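One letter stands for each residue in the lines below.
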Amino acid sequence: MGEKFTWKAGAAVATLILASSPSSGTETHRDLGAHDHGKALLNVVAVEDELVVELMVPAVNVVGFEHEPSTDEQEALIAHVRERLQQSHKMIVTNNAASCEAHEPSVEFVGMFDETRDEHDEHDGHDGHDGHDGHDGHDGHDGDHTGHDDAAAEGTHSELHAEYHFVCQNPTALTEIEVTLFDVLIDVHEVHVQLITESRQTALELTADNPVLNLR
């Protein structure tokens, strides 16, 4: 992260604040179920000269699968999606008057490449996956990816987590942001937003037809 960025808790604090204060804003806080396919959650924190935006969405709604990639095509798709999502100013468009500078974003597929999955296999945590016995986990995956896709609804979950950090030279002019993430998402028709600013805390929804979030 850039040295100028000082928001210590990052956008993840939005979830904690909203969860602990469901009635402190002008509107009611709405929770998004854990790993709910077809839905995406966007936490937005705009405080002083800093804007933090955190996206959480099931991996299946980004690349079409949740298991570890097993083909060159799947690896290329993940690399392509990462490259697109790392273009902060194209994914989160701030109004020009605010003069917001994007810092290095974080884009991760949590659970897809998680080494703890192998540890769980060794400790019989995922022995319900027939054909995955033993320590040769990657070999056991061959020819069984349809089973993995089916298992995505049963416990083999992975999610995309992306965080975007901006520092604005004229923060008072930051009145809205346009969220273009719909161009990357698959079968996601609305994004649930939890917004925290210095003046309000609220929950709302964005759609591809209405992708502009009013911060004031």
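That block above? That's the structure.
These numbers were taken from a predicted model, which means no experiment stands behind them. (Residues numbered from 1 in each chain as written. Predicted model: local features only at pLDDT ≥ 70, side-chain atom pairs only at ≥ 80, totals over all residues. Heavy atoms only, no water.)

## Digging into the overall build of the protein
- Looking only at helices and strands, one finds 6 helices and 10 strands in the protein.
- Taking the intrachain contacts of the protein between residues at least 6 apart in sequence as the baseline, contacts between residues at least 24 apart amount to 72%.
- Accessible surface computed for the protein: about 11300 Å², of which carbon and sulfur atoms make up 46%. (Helix = DSSP H or I, 4+ residues; strand = E, 2+ residues; numbered from the N terminus. Contact = heavy atoms within 4.5 Å. Areas by Shrake-Rupley, 256 points an atom, 1.4 Å probe, with all protein chains shown as cover.)

## Overview of the state of the cysteines
- This model, assessed by the stated rule, comprises 1 disulfide.
- Between the sulfur atoms of C100 and its disulfide mate C168 the distance is 2.0 Å. Negative torsions about the S-S bond denote left-handed disulfides, and the value of about 95° found for C100 with C168 makes this one right-handed. Taken together, the residues span a long stretch of sequence, with C100 in strand 4 (residues 100-102) and C168 in strand 6 (residues 159-168) at a distance of 68 residues.
- Accessibility expressed as a relative area gives 4% for C168, which makes it buried. (Disulfide = S-S within 2.5 Å. Buried < 20%, exposed > 50% of the residue type's maximum accessible area, 1.4 Å probe, protein only.)

## Some points on helix 2 (residues 72-85)
- Between its terminal C-alpha atoms helix 2 stretches 20 Å, which fits the 20 Å expected from 14 residues at 1.5 Å a residue.
- By the burial criterion, the buried members of helix 2 are Q74, I78, V81 and L85. Axial view of helix 2: buried residues confined to an arc of 65°, hence all on one face. Exposed and facing more than 90 degrees away from the buried side of helix 2 are D72, E73 and E83.
- Next to the buried residues of helix 2 lie helix 3 (88-91), strand 5 (106-110) and strand 6. (Expected span 1.5 Å × (residues − 1). Arc of directions from axis to C-beta.)

## Focus on the environment of A59
- Position of A59 among the secondary structure elements: in the loop between strand 2 (50-58) and helix 2.
- Between the C-alpha atom of A59 and that of E108, which follows or precedes it by 49 residues, the distance is 10.0 Å.
- Ignoring any residue separated from it by four or fewer positions in sequence, one finds A59 in contact with G64, F65, E66, F109, M112, S158, E159 and L160.

## Things to note about the nonpolar core
- Ranked by size, the top nonpolar core spans 43 residues in total, and within it V44 and I177 carry the most contacts.
- Among the elements of the structure, strand 1 (40-47), strand 2, helix 2, strand 5, strand 6, strand 7 (176-179), strand 8 (190-197) and strand 9 (201-207) are those that each provide at least two residues to this core.
- Counting residues per element, this core draws most heavily on strand 6, which supplies 5 residues.
- Apart from the residues within four sequence positions on either side, I177 is in contact with V44, L51, V53, I92, V93, T94, P211, V212, L213 and L215. (Core = buried A, V, L, I, M, F, W, Y, C linked by side-chain atoms within 4.5 Å.)

## Overview of the pairing of strand 2
- Most of strand 2 sits out of view: 9 of its 9 residues are buried.
- Both faces of strand 2 are covered, namely the face carrying E50, V52, E54, M56 and P58 and the face carrying L51, V53, L55 and V57.
- The sheet contact formed by strand 1 and strand 2 spans 7 bridges and is antiparallel. If you follow V47 over to strand 2, its bridge partner there is E50. (Pairing = 2+ DSSP bridges.)

## Quick look at unusual backbone geometry
- One non-glycine residue, E48, adopts positive backbone phi at about 55°.
- Tracing the chain through its elements places E48 in the loop between strand 1 and strand 2.
- A positive phi angle, near 55°, is found at D187, a position not held by glycine.
- Looking at the secondary structure, you find D187 in the loop between strand 7 and strand 8.

## Examining the sheet that holds strand 7
- Across the sheet, which stays open at both edges, the 3 strands sit in the order 3-7-10 with antiparallel pairing between neighbours. At either margin of the open sheet sits one strand with a lone partner, and together these are strand 3 (92-94) and strand 10 (212-214). Strand-to-strand twist across the sheet, computed as the mean angle between neighbouring axes with direction ignored, equals 25°.
- Across 3 bridges, the pairing between strand 7 and strand 10 is antiparallel. When the bridges of strand 10 are listed, E178 appears paired with V212. (Axes fitted to C-alpha atoms, helices over the stretch in contact; angles between N-to-C directions.)

## As for the pairing of strand 7
- Only one face of strand 7 is buried: it carries I177 and V179, and the other face, with E176 and E178, is open.
- Looking at chain direction, strand 3 and strand 7 are connected through 3 bridges and run antiparallel. Each bridged residue has a counterpart across the sheet, and for V93 the counterpart in strand 7 is E178.

Fair warning: the whole summary comes from geometry, so function is off the table for now.
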